[in-house]
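# An overview of the molecular structure
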Amino acid sequence: MDPTHTPGTAPETFTSLPDLFAIDPPAVHDDAFTEPCRIIDEYLAEYALQPHIDSIVAAVFTSNGVVYHGGFGRLKANARPVPGKRGPPKEVDIDTIYRLGSMSMLFTVMESMLLKKKGLLSWDDPVEKFLPDFNCQTRAWTHRLDFDDEYEEEDPSHNHPITLRTLTCHMSGLGTLYPTKIVNNWPTNQRGTQDFTNREDIMDCIKITPLVTTPYSFPIYSSVGITLLGWCNVATEEIAFTRDPTHLKVENHALQLERDIFDPLGMYDSYFDVPERKIDRLAVASFSAPEATIDFTDAYNPIAGQYGSAHDLVKFFQFILNPKQPGSLLKAYEVREWLRPVHTWEDGLKEVGAPWEIVKIQDSYGRRRRWYGKSMFE
């Protein structure tokens, strides 16, 4: 240890230590957790009282178990009091089922990783290998504007392929959602109208819409890119069946994730269509309530259609904390590869992964630590 180092401050240079708590975490009932858990509980209880928040479910866990979990707010926030019915409304808890929204993308990418392990795809495979009807503009808007009339005469050898790798990390150059929105009152009102659509409409829009930028220039948040990745995943089913006729072939993204991720990890509250017997545990918002049960279809299930509980998410992330434990679907080196940032923004504080959104936050020693999440930049 440096004898000149002042305790409580970060040395100018330091070496990262092994992630000991992931390998051998403290016992979940360790007394050291008591006070921090009390502080977390009080903070969330007060935070959940804000008028724009219907409910919050939080969990703190190690690779061995749950240290803390708490639920605050009404399960059916859109429900009105029923005359004659007594008792408080049911509140949310760790087993409440929520629509996960764009967290669905994490599971789509993980499915690709599992298929890669089986040799059914490679990160450098072009999209056309799995989706023959994929035909995108080969140049971005910037090039189209620069070259003007010469745009159609560009040397095709300069085209940039869109690979599965670029889809995982928003580096394909494709826009956010296709077909594009109709924004009638821009810039006064930037909200647009967009209906759920089908594969043909999406492919047709890709065909006529220039890329936002060329692949691997910088990240463009691309929901349609993850949709394409989900479709490529499903396309490998035919390849697997051709190799092995005993392969249990499935026909869509939902069944693929159920077979390869949900069932093996014991995520029994994870669905794309919540069964009737569990509807009473589904959280519903006070506004846009129909979104809780709307069918995102195969066009949008890979990016936003998934349901799950905090309990199920704990099971999922415990294997990321410690992939060496029995039952893990990924090897430790595969998890390290997955967590590796792909792009760092100029401020040095935000990074993009596959499809992680990463923020660097200083710890108590002034060292920047990566916080991984989804939807943190929205």
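Here, every reference points to the structure presented above.
All residue numbers refer to positions counted from 1 along the written sequence of the respective chain. Given that the model is predicted, a residue must reach a pLDDT of at least 70 before its local features are reported, and side-chain atom pairs must reach 80 or more before they are shown or counted; all residues, however, enter totals for whole chains, interfaces and linings. To obtain the side-chain values, all non-hydrogen atoms of the structure were included, while hydrogens and water were left out.

This part takes up the overall build of the protein. The helix count covers DSSP runs of H or I at least four residues long, the strand count covers runs of E at least two residues long, and both are numbered beginning at the N terminus. A count of helices and strands for the protein gives 11 helices and 8 strands. Under the convention used here, a 1.4 Å probe and the Shrake-Rupley method define accessible areas, while residue burial counts only the protein chains that appear. Surface exposure of the protein reaches about 21,700 Å², of which carbon and sulfur atoms provide 55%.

Counting 60 residues, the largest nonpolar core has F107, I206 and W338 as the members making the most contacts within it. Listed by contribution, the elements that provide at least two residues to this core are α3 (104-117), α5 (164-168), α6 (199-208), α7 (223-243), α8 (253-265), α9 (297-304), α10 (310-321) and α11 (332-339). With 8 residues, the single largest contributor to this core is α3. Buried Ala, Val, Leu, Ile, Met, Phe, Trp, Tyr and Cys residues that are joined via side-chain atoms within 4.5 Å together make up what is termed a nonpolar core. The buried label applies to any residue whose accessible area, calculated with a 1.4 Å probe on protein chains only, is under 20% of its type's maximum; exposed applies above 50%, and partly exposed to all values in between. A48, I53, A58 and Y68 belong to the second largest nonpolar core, which has 9 residues in total.

Turning our eyes to something else, we now look at unusual backbone geometry. Cis geometry is adopted by the peptide bond preceding P355, which originates at A354 and carries an omega value of -10 degrees. Phi is positive for H170, which is not a glycine, with a value near 60 degrees. The topology assignment puts H170 in the loop between α5 and α6. With relative accessibility at 4%, the residue H170 sits in the buried group. The residue Y216 is not glycine, and still its phi comes out positive at about 65 degrees. As for its position among the elements, Y216 is in the loop between α6 and α7. Residue class for Y216 comes out partly exposed when judged on its relative accessible area of 42%.

Our focus in this paragraph is the packing of α3 against α8. Describing two packed helices takes the angle between their axes plus the distance from one axis to the other. Axes, fitted as lines to C-alpha atoms, cover a helix only where it is in contact. Angles between the N-to-C directions of the axes lie from 0 to 180 degrees. Relative to each other, α3 and α8 sit at 65 degrees, their axes nearing to 10 Å. With respect to α8, the element α3 is oriented roughly perpendicular. When you trace α3 past α8, the crossing you get is left-handed. Between α3 and α8, the residues in contact are F107, T108, M110, E111, L114 and L115 and H253, Q256, L257, D260, I261 and F262, respectively. For classification purposes, angles smaller than 35 degrees are called roughly parallel, those larger than 145 roughly antiparallel, those between 65 and 115 roughly perpendicular, and all remaining angles oblique. Here is the rule for handedness: rotate from the far helix to the near one, and if that takes an anticlockwise turn smaller than a right angle the crossing is left-handed, while a clockwise turn gives right-handed. Throughout, a contact is declared for two residues whenever any of their heavy atoms are within 4.5 Å.

Side chains of residues three or four places apart in an α-helix project in the same direction, reflecting 3.6 residues per turn. To estimate how far a helix should extend, the number of its residues minus one is multiplied by 1.5 Å. If you check α10, its first and last C-alpha atoms are 16 Å apart, about what 12 residues at 1.5 Å a residue would give, namely 16 Å. A large share of α10 lies buried, amounting to 9 of its 12 residues. Among the residues of α10, those classed as buried are A310, D312, L313, V314, F316, F317, Q318, F319 and I320. Structurally, α10 contributes buried residues whose contacts are with β1 (55-61), β2 (66-73), α3, α8, β4 (307-309) and α11.

Note on pairing: DSSP must find at least two bridges between two strands before they are called paired. Pairing within the open sheet is antiparallel, and its 4 strands lie in the order β5-β6-β7-β8. The open sheet has two edge strands with one neighbour each: β5 (343-344) and β8 (368-373). Where β5 meets strand β6 (residues 350-352), 2 bridges bridge the pair, whose relative direction is antiparallel. Its bridge partner being in β6, T344 is matched across the sheet by E351.

What follows is about the pattern of salt bridges. Definition used for salt bridges: Asp or Glu carboxyl oxygen within 4 Å of a side-chain nitrogen of Lys or Arg. Going through the model one piece at a time under the given rule, you end up with 19 salt bridges. In this structure, the salt-bridge partner of D269 is K278, at a minimum N-O distance of 2.6 Å. An identical accessibility class is assigned to D269 and K278; each is buried. One salt bridge connects K315 with D312, and the closest N-O pair in it is separated by 4.0 Å. Separated by 3 residues within a single helix, K315 and D312 lie in helix α10, roughly one turn from each other. K315 sits in the partly exposed class, given a relative accessible area of 24%. One salt-bridge network, in which partners are shared between bridges, spans K118, E237, R259 and D260.

All quantities given are derived from atomic positions and should not be read as evidence of function.
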